[in-house]
Amino acid sequence: MNRILAIDYGKKRTGIAVTDPMQIIASGLTTVNTYELHTFLENYLKTEKVETIVIGEPKQMDYTDSELGGVITAFAKALQEKYPAITIERVDERFTSKMAFQTMIDSGLSKSKRRNKALVDEIAATIILQTYMDRKSPF
C-alpha cells in the first residue's frame, strides 16, 4: 500500500503528517515554511509512494470559508493538476489547532514547548490525517 499524507496549510507554516505504508498509524512528519511547501512535496513524492493527500479545509462555525479558504482551494487544484495520479481529499479542520494544543497539555509538555507553533501545526496535521482515516475506516 501507499502512504496517505495530510497537510495543515497555514499562512506562514504548514504542518505535515503521514501514515505508515500499511495506513495504520498517523504520525507527524514535519512543519515547513509555506513558501517552501511545493518544493518539499516535490522532493517527498519522488522518494515516497503517496496515494492520497488530505488537505485541511478551514471553515467558520457557519460552514463558510475562512480567510484562507480560497488560497487552499487553489492549492488543492494545483496539486491535483501536478499529480493527477494522487487523490486529493479535503477534511474539515475546525478546532484542530485547539485540539493539538490540548494534546500538548495532556502529554505534559512544558509551557515553553507548547509555544512552539511549528509543533502545533504538525500535531494539527496529524489530527486531520487521523480524522480522514477514521472516516475512511469500515470499522
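Residues numbered from 1 in each chain as written. Predicted model: local features only at pLDDT ≥ 70, side-chain atom pairs only at ≥ 80, totals over all residues. Heavy atoms only, no water.

Some thoughts on unusual backbone geometry
Quick note on the threshold: Every helix listed is a DSSP run of H or I at least four residues long, and every strand listed is a run of E at least two residues long, numbered separately from the N terminus.
In the Ramachandran plot, Gln-23 falls in the positive-phi region, its phi being about 60° despite a non-glycine side chain. Relative to the assigned elements, Gln-23 resides in the loop between strand 2 (13–19) and strand 3 (26–33).

Some remarks on a nonpolar patch on the surface
Let me state the cut-off plainly: Nonpolar side chains (Val, Leu, Ile, Met, Phe, Trp, Tyr) are joined into patches within 5 Å and like charges within 9 Å, using only residues with over 30% relative accessible area and no salt bridge. Where accessible areas are quoted, they stem from the Shrake-Rupley method and a 1.4 Å probe; at the residue level, only the protein chains shown are allowed to cover. When a carboxyl oxygen of Asp or Glu is within 4 Å of a side-chain nitrogen of Lys or Arg, the pair counts as a salt bridge. The rule is simple: take the accessible area with a 1.4 Å probe, protein chains only, and divide by the maximum for that residue type; under 20% is buried, over 50% is exposed, in between is partly exposed.
A cluster of nonpolar residues, Met-22, Ile-24 and Ile-25, forms a patch on the protein surface that exposes about 330 Å² of accessible area. On the secondary structure map, Met-22 appears in the loop between strand 2 and strand 3. By relative accessible area, which is 52% here, Met-22 ends up exposed.

Description of the packing of aromatic side chains
So the rule is basically this: For this analysis, a ring pair means two rings from Phe, Tyr or Trp (six-membered ring only for Trp) whose centres lie within 6.5 Å, classed as stacked if their planes differ by under 30 degrees, edge-to-face if by over 60, and tilted for the remaining angles.
Counted according to the given criterion, the structure contains 2 aromatic pairs. Aromatic pair Tyr-9 and Phe-75: ring centres 5.0 Å apart, planes at 45°, arrangement tilted. Note that Tyr-9 is positioned in the loop between strand 1 (3–8) and strand 2 and Phe-75 in helix 2 (residues 69–82), a separation of 66 residues in sequence. When the centroid spacing of 5.9 Å and the interplanar angle of 15° are considered together, the rings of Phe-40 and Tyr-44 count as stacked. Of this pair, Phe-40 and Tyr-44 both sit in helix 1 (residues 37–47), 4 residues apart, which is roughly one turn of that helix. Residue Phe-40 is classed as partly exposed on the basis of its relative accessible area of 22%.

Description of the nonpolar core
The following threshold applies: Joining through side-chain atoms within 4.5 Å is the link that ties buried Ala, Val, Leu, Ile, Met, Phe, Trp, Tyr and Cys residues into a set, and such a set is a nonpolar core. Residue contacts follow a heavy-atom distance rule, with two residues in contact if any of their heavy atoms lie within 4.5 Å.
Leu-5, Ile-7, Leu-37, Ile-53, Ile-55, Phe-75 and Leu-79 are the most contacted members of the largest nonpolar core, which totals 21 residues. At the level of elements, strand 1, strand 2, helix 1, strand 4 (50–57) and helix 2 are the ones that each hand at least two residues to this core. With near-sequence residues (within four places) excluded, Leu-79 lies in contact with Ile-7, Leu-41, Ile-53, Ile-55 and Ile-88.

Quick word on the environment of Thr-31
Along the chain, the position of Thr-31 falls in strand 3. Between the C-alpha atoms of Thr-31 and Arg-13, which are 18 residues apart in sequence, the distance is 6.5 Å. For Thr-31, the residues in contact, after removing those within four places along its chain, are Arg-13, Thr-14, Gly-15, Ala-118, Asp-121 and Glu-122.

Re the pairing of strand 1
For the record, the criterion: Pairing between strands requires that DSSP locate at least two bridges from one strand to the other.
Burial within strand 1 is extensive, with 6 of its 6 residues counted as buried. The two faces of strand 1 match: Arg-3, Leu-5 and Ile-7 on one face and Ile-4, Ala-6 and Asp-8 on the other face are all buried. Direction of pairing for strand 1 relative to strand 4: parallel, over a ladder of 5 bridges. Residue Ala-6 lies in a different strand from strand 4, and its bridge partner there is Val-54. Where strand 1 meets strand 2, 4 bridges bridge the pair, whose relative direction is antiparallel. Opposite Asp-8, over in strand 2, you have Gly-15 as the bridge partner. Here strand 1 folds back onto strand 2, and the loop between the two strands holds 4 residues.

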